[in-house]
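A look at the structure
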Amino acid sequence: MWFRRDLRVRDLPALAEAATGQILPCFIFDDRLISGGRFVSPARVSFMVDCLRELRASLRDLGADLLVRRGLPEQILPELARDTDANRVDWTADVSPWALGRDRRVEQSLGHDGVDCHRHPGSYIVDEPGVIRSGQGTPYTVFSPFAKAWRTVERRPVEPVPDRLDLAGQLDPGLIPTLEDLGLKAPQDEVPFRPGERAGREAAHAFLEEGLASYADRRNSPAGGSSMLSPYIRWGCLSPLELEYEVGLESGDGPRVFRSELAWREFYAAVLAEFPEVTEREFQPRYRGTLGWQHDDELLESWKQGQTGYPLIDAGMRQLLGQHWMHNRVRMVVASFLTKDLHLDWRLGEGWFMEQLIDGDIASNNGGWQWVASVGTD
């Protein structure tokens, strides 16, 4: 069982399938992502590492462990399979171009040894966001009709926590590295999120009890109203499907609007799956290379540091620096300011957000930035 961004034991189809036999749970630190990727983020890696510590404890409670390795998955997974005589590897599917390329390399290397590979749902409510099509068989590029179709897709059942895991082999589990071990400088700030599945479930319960009913009225207030669940959803500490089921038990505008926000996440994942070129350029071809962006490093740095002189902009950007999170409505405001007022390229803001946010998700972040810059979908 290869964990990636699905750091939980509840409602995880890959784990449920792997738990039917002997299991070897593992996580691989890949330097191509951790310290050498396009969007290096010490804060996000720090949160992930702490989530891994709780995942290891949960797996040990179930009778297994979490093997931790560092290197290339396409090399390490075949080695682990040979060491334990494994005949299959299970993992949760992803949609980014980089993840898909990595998975193909892993499948090829495992296939040489006759090891089967199985990708499972679990990151999204609909098994594969890219499977939702219009009546003409084309992918949706506007949110409203996508959401209408998305709501009608039959959901899979929620998977329970395995009663017990039968650990395969006696391999050294390895140590979970520190940020310094990974070549990153630990952030000095305290993020307002406790890491891990338990904290995510407690936060979800609190939101469902105290914040959901008023969500439609308060969600756009920078001083509150957010569910603040995005880091847990991004790292798979919470199952978005289980969360949707819980929301669906309630009635009113709050649950309806919150479910719509979950649909936005699925929409941007579908866009990325169908149009991977958006990671580099504008969704709309008419805006590729045709916009006269300003180049001003001083303005960009003032925006990054929250020193523009515009109080709401600066408050949001300082929150990003101090908490590595920002209210979604404020994200839209500061993004609009960067692109529409400072006339700076949206990709500069996209990159800064990905460097800072512990919930930084390439699909949602890219989709949001392109939407605000008016170069994306819709």
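Preceding block: the structure.
What to know about the environment of Met354
- With respect to the helices and strands, the residue Met354 is situated in helix α15 (residues 346-356).
- Accessibility expressed as a relative area gives 5% for Met354, which makes it buried.
- A C-alpha to C-alpha distance of 7.8 Å links Met354 and Val40, two positions 314 residues apart in sequence.
- The residues touching Met354, leaving out its near neighbours within four places in the chain, are Phe39, Ser41, Arg44, Gly360, Asp361, Ile362 and Asn365.

With respect to the packing of aromatic side chains
- The full count for this structure, using the stated rule, is 20 aromatic pairs.
- With a centroid separation of 5.3 Å and 85 degrees between ring planes, the pair formed by Tyr215 and Phe258 is classed as edge-to-face. Taken together, the positions of Tyr215 in helix α8 (residues 215-218) and Phe258 in helix α11 (residues 253-274) put the pair 43 residues apart, joining distant regions of the chain.
- Note that Arg4 overlies the ring of Trp2, its terminal NZ or CZ placed 4.4 Å from the centroid.

Some words on the environment of Leu243
- With respect to the helices, strands and loops of the structure, Leu243 is situated in helix α10 (residues 240-248).
- By relative accessible area, which is 4% here, Leu243 ends up buried.
- Counting along the chain gives 10 residues from Leu243 to Ile233, while the straight-line C-alpha distance between them is 9.4 Å.
- Dropping the residues within four chain positions of it, Leu243 is found in contact with Ala204, Leu229, Ile233, Phe258 and Leu262.

Brief notes about the pattern of salt bridges
- Applying the stated criterion across every chain, the model contains 29 salt bridges.
- The residue Asp361 makes a salt bridge to Arg5 at a minimum N-O spacing of 2.6 Å. Residue Asp361 is found in the loop between α15 and α16 (362-372), and its partner Arg5 is found in the loop between β1 (2-3) and α1 (13-18); the two are separated by 356 residues along the sequence.
- For Glu74, the salt bridge goes to Arg32, with nearest N and O atoms at 3.2 Å.

Looking at helix α5 (residues 97-112)
- Relative to the 22 Å expected for 16 residues at 1.5 Å per residue, α5 spans 23 Å between its end C-alpha atoms, a close match to the ideal helical length.
- What α5 keeps buried is the set Ala99, Gly101, Arg102, Asp103, Val106, Ser109 and Leu110.
- Buried positions along α5 lie against β1, α2 (31-34), α4 (73-84), β5 (88-92) and β6 (116-120).
- After α5 finishes, the residue Gly114 shows a positive phi value of roughly 75 degrees.

As for unusual backbone geometry
- Positive phi outside glycine occurs at His324, with the angle close to 55 degrees.
- Structurally, His324 can be placed in the loop between α13 (311-323) and α14 (328-341).
- His324 sits in the buried class, given a relative accessible area of 6%.
- A positive phi angle is found at His343, which is not glycine, with a value near 60 degrees.
- With respect to the helices and strands, His343 occurs in the loop between α14 and α15.
- Given the relative accessible area of 42%, His343 is considered partly exposed.

Concerning the layout of surface pockets
- Put simply, the largest pocket is a space of about 1200 Å³.
- For the largest pocket, the lining is made up of 42 residues, of which Glu261, Trp264, Arg265, Asn328 and Ser364 are closest to its centre.
- Counting only elements with at least two residues in the lining of the largest pocket, the list comes to α6 (143-152), α9 (230-234), α11, α14 and α16.
- With 10 residues, α11 is the single largest residue contributor to the lining of the largest pocket.

A word on empty space enclosed by the protein
- Under the counting rule described, the total for this entry stands at 3 cavities of 30 Å³ or more.
- The space that makes up the largest cavity amounts to roughly 90 Å³.
- As for the largest cavity, its lining consists of Tyr268, Val271, Leu272, Val278, Phe283, Ile362, Ala363, Asn366, Gly367, Gln370, Gly376 and Thr377.
- Breaking the lining of the largest cavity down by element, the ones donating at least two residues are α11 and α16.
- Considering every element that reaches the lining of the largest cavity, the biggest residue donor is α16, with 5 residues.

Remarks on the packing of helix α12 (residues 297-305) against α13
- The geometry of α12 relative to α13 is characterised by a closest axis approach of 7 Å and an angle of 70 degrees between their N-to-C directions. As summarised for this structure, α12 and α13 are arranged roughly perpendicular, according to the angle between their axes. Side by side, α12 and α13 meet where Trp303, Lys304 and Gln305 of the first sit next to Ile313, Met317, Arg318 and Leu321 of the second.
- Considering only residue class, the contact of α12 with α13 consists of 4 nonpolar, 1 polar and 2 charged.

So, the nonpolar core
- Counting residues in hydrophobic clusters, the biggest one holds 72 residues, and the most contacted among them are Phe3, Leu7, Phe29, Met48, Leu52, Leu229 and Phe258.
- Sorting the residues of this core by element identifies α1, β3 (26-29), α3 (42-61), α6, α7 (197-210), α9, α10 and α11 as the ones contributing at least two each.
- When residues in this core are grouped by element, the largest group, 10 residues, is from α11.
- Apart from residues no more than four positions distant in its own chain, Phe29 is found in contact with Ile34, Met48, Val49, Leu52, Val68, Arg69, Arg70, Gly71, Pro177 and Leu182.
- Counting residues in hydrophobic clusters, the runner-up holds 22 residues, among them Trp293, Ile313, Trp346 and Trp352.

Some words on a negative patch on the surface
- Residues Glu209, Glu210, Glu246 and Glu250 make up a contiguous surface patch of negative charge.
- A relative accessible area of 58% places Glu209 in the exposed class.

Criteria and thresholds
Residues numbered from 1 in each chain as written. Predicted model: local features only at pLDDT ≥ 70, side-chain atom pairs only at ≥ 80, totals over all residues. Heavy atoms only, no water. Helix = DSSP H or I, 4+ residues; strand = E, 2+ residues; numbered from the N terminus. Buried < 20%, exposed > 50% of the residue type's maximum accessible area, 1.4 Å probe, protein only. Contact = heavy atoms within 4.5 Å. Phe/Tyr/Trp six-rings, centres within 6.5 Å; stacked < 30°, edge-to-face > 60°. Lys NZ or Arg CZ within 6 Å of the ring centre and 35° of its normal. Salt bridge = Lys/Arg side-chain N within 4 Å of Asp/Glu carboxyl O. Expected span 1.5 Å × (residues − 1). 1 Å grid on protein atoms, 1.4 Å probe; cavity = no way out; pocket = protein on both sides within 12 Å on 5 of 7 lines; lining within 4 Å. Points joined across faces, edges and corners; volume = space filled by probe spheres on them. Axes fitted to C-alpha atoms, helices over the stretch in contact; angles between N-to-C directions. Parallel < 35°, antiparallel > 145°, perpendicular 65-115°, else oblique. Nonpolar A, V, L, I, M, F, W, Y, C, P; charged D, E, K, R; others polar. Core = buried A, V, L, I, M, F, W, Y, C linked by side-chain atoms within 4.5 Å. Patch = residues over 30% accessible without salt bridge, like charges linked within 9 Å, V, L, I, M, F, W, Y side chains within 5 Å. Areas by Shrake-Rupley, 256 points an atom, 1.4 Å probe, with all protein chains shown as cover. Lys, Arg positive; Asp, Glu negative; His and termini not counted. Charge placed at Lys NZ, Arg CZ, Asp CG, Glu CD.

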